[in-house]
Amino acid sequence: MLAVLRHDQRLADMAGGNDVSTSTVRRWVLDSLGLLAARAPRLDRALKKIARRGDAVVLLDGTLVRTRRRTGADNRKNYSGKHKAHGLLFLALTDEKGNLIWISSARPGRASEITAARHDHITRHLREAGLGALANLCFVGLDDDPDNAPVIITGRKATRSHRLTTPRRRRTGWSAVNAPPSSMALRT
């Protein structure tokens, strides 16, 4: 199974080398994946375990795992315009030290990270567990109640109509190297 999953070994090659049929190898791989998926922790249980441990914050991030390009109609759903590559999108929650707590199921590469987080109801699960999350700018706007009780902390984004002030740039790590040209000077 590891040869198929990790090294992208073809099922027919594995079957021929072990003197079994291709359908048998496929069944073994799918059965093994089912067993691994059954052992994966659910989001709510993983967060409650972290809360019992005494941690207050988790880290939230998404990643695109690149895959081969598919043919036909299956090609489009796995293409990520953001990364300009084919792949599958995963969301991951880690503890403060970077240890993996939970990973989402695979989604097509065209999905956005914030939409995937909304489908998994991450903010609701974090509120129920009494935890907060630090996330990157992809998740701006995910928190449904950011003023009263924020659960997801992200950086700040500048827009065309609302530039970041100098103190906010310093807090977010936005340096003078990235400053807009003088014709777009900041209004303070």
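Rules used throughout
- Residues numbered from 1 in each chain as written.
- Predicted model: local features only at pLDDT ≥ 70, side-chain atom pairs only at ≥ 80, totals over all residues.
- Heavy atoms only, no water.
- Patch = residues over 30% accessible without salt bridge, like charges linked within 9 Å, V, L, I, M, F, W, Y side chains within 5 Å.
- Areas by Shrake-Rupley, 256 points an atom, 1.4 Å probe, with all protein chains shown as cover.
- Salt bridge = Lys/Arg side-chain N within 4 Å of Asp/Glu carboxyl O.
- Lys, Arg positive; Asp, Glu negative; His and termini not counted.
- Charge placed at Lys NZ, Arg CZ, Asp CG, Glu CD.
- Helix = DSSP H or I, 4+ residues; strand = E, 2+ residues; numbered from the N terminus.
- Buried < 20%, exposed > 50% of the residue type's maximum accessible area, 1.4 Å probe, protein only.
- Core = buried A, V, L, I, M, F, W, Y, C linked by side-chain atoms within 4.5 Å.
- Contact = heavy atoms within 4.5 Å.
- Axes fitted to C-alpha atoms, helices over the stretch in contact; angles between N-to-C directions.
- Left-handed = near helix turned anticlockwise from the far one by under 90°.
- Nonpolar A, V, L, I, M, F, W, Y, C, P; charged D, E, K, R; others polar.
- Arc of directions from axis to C-beta.
- Pairing = 2+ DSSP bridges.

Some details on a positive patch on the surface
On the surface, Arg 45, Lys 48, Lys 49 and Arg 52 cluster together to form a positively charged patch. Here Arg 52 is to be found in helix H4 (residues 43–53). On the accessibility criterion, Arg 52 (65% relative accessible area) is exposed.

Regarding the nonpolar core
Within the largest apolar cluster, 24 residues are counted, with the highest numbers of intra-cluster contacts made by Leu 47, Val 58, Leu 60, Trp 102, Ile 122, Leu 126 and Ile 152. Among the elements of the structure, H4, strand E1 (57–66), strand E3 (85–94), strand E4 (100–103), helix H6 (113–119), helix H7 (122–129) and strand E6 (132–135) are those that each provide at least two residues to this core. Here this core takes four residues from H4, the largest share from any one element. The contact partners of Val 58, leaving out residues within four places of it in the chain, are Leu 47, Ile 50, Leu 93, Thr 94, Ile 101, Leu 126, Leu 131, Gly 132, Ala 133 and Leu 134.

Focus: the side chain of Asp 120
Relative to the assigned elements, Asp 120 resides in the loop between H6 and H7. Residue Asp 120 is classed as buried on the basis of its relative accessible area of 18%. Setting aside anything within four residues of it in sequence, one finds Asp 120 in contact with Leu 43, Leu 91, Trp 102, Ser 104, Arg 107 and His 125.

Regarding the side chain of Glu 113
Within the secondary structure, Glu 113 is located in helix H6. The class for Glu 113 is buried, based on a relative accessible area of 8%. Discounting chain neighbours no more than four positions away, the residues touching Glu 113 are Gly 62, Thr 63, Lys 82, Leu 89, Leu 91, Asn 136, Cys 138 and Phe 139.

Observations regarding the packing of H4 against H7
Packing of H4 against H7 brings their axes to within 9 Å, and their N-to-C directions diverge by 35°. With respect to the hand of their crossing, H4 and H7 are arranged in right-handed fashion. Residues Leu 43, Asp 44, Leu 47, Lys 48 and Ala 51 of H4 lie in contact with H7, whose contacting residues are Ile 122, His 125, Leu 126 and Ala 129. Of the residues belonging to the contact of H4 with H7, the class tally is six nonpolar, one polar and two charged.

Regarding H7
Of all the residues in H7, the buried ones are Ile 122, Thr 123, His 125, Leu 126 and Ala 129. Seen from one end, H7 has its buried residues packed into an arc of 165°, which puts them on one side. Just beyond H7, the residue with positive phi is Gly 130, at close to 75°.

Remarks on the pattern of salt bridges
The full count for this structure, using the stated rule, is six salt bridges. With its nearest N and O atoms 2.8 Å apart, the salt bridge here joins Arg 42 to Asp 44. The partner of Arg 124 in a salt bridge is Glu 128, with the nearest N and O atoms 3.4 Å apart. In this pair, Arg 124 and Glu 128 both sit in helix H7, four residues apart, roughly one turn of the helix. You can call Glu 128 partly exposed: its relative accessible area is 48%. The network of salt bridges with shared partners includes Arg 53, Asp 55 and Asp 95.

Thoughts on unusual backbone geometry
Its identity is not glycine, yet His 121 carries a phi of approximately 55°, on the positive side. For His 121, the position within the fold is in the loop between H6 and H7. On the basis of relative accessibility, which here comes to 42%, the residue His 121 falls in the partly exposed class.

Notes on the pairing of E4
Remark: a regular strand shows side chains that alternate across the two faces of the sheet. Where E3 and E4 come together, three bridges link them in antiparallel fashion. Across the sheet, residue Ala 92 finds its bridge partner in E4, namely Ile 103. Counted along the chain from E3 to the antiparallel partner E4, the turn is five residues long, and its residue Gly 98 has a positive phi close to 95°.

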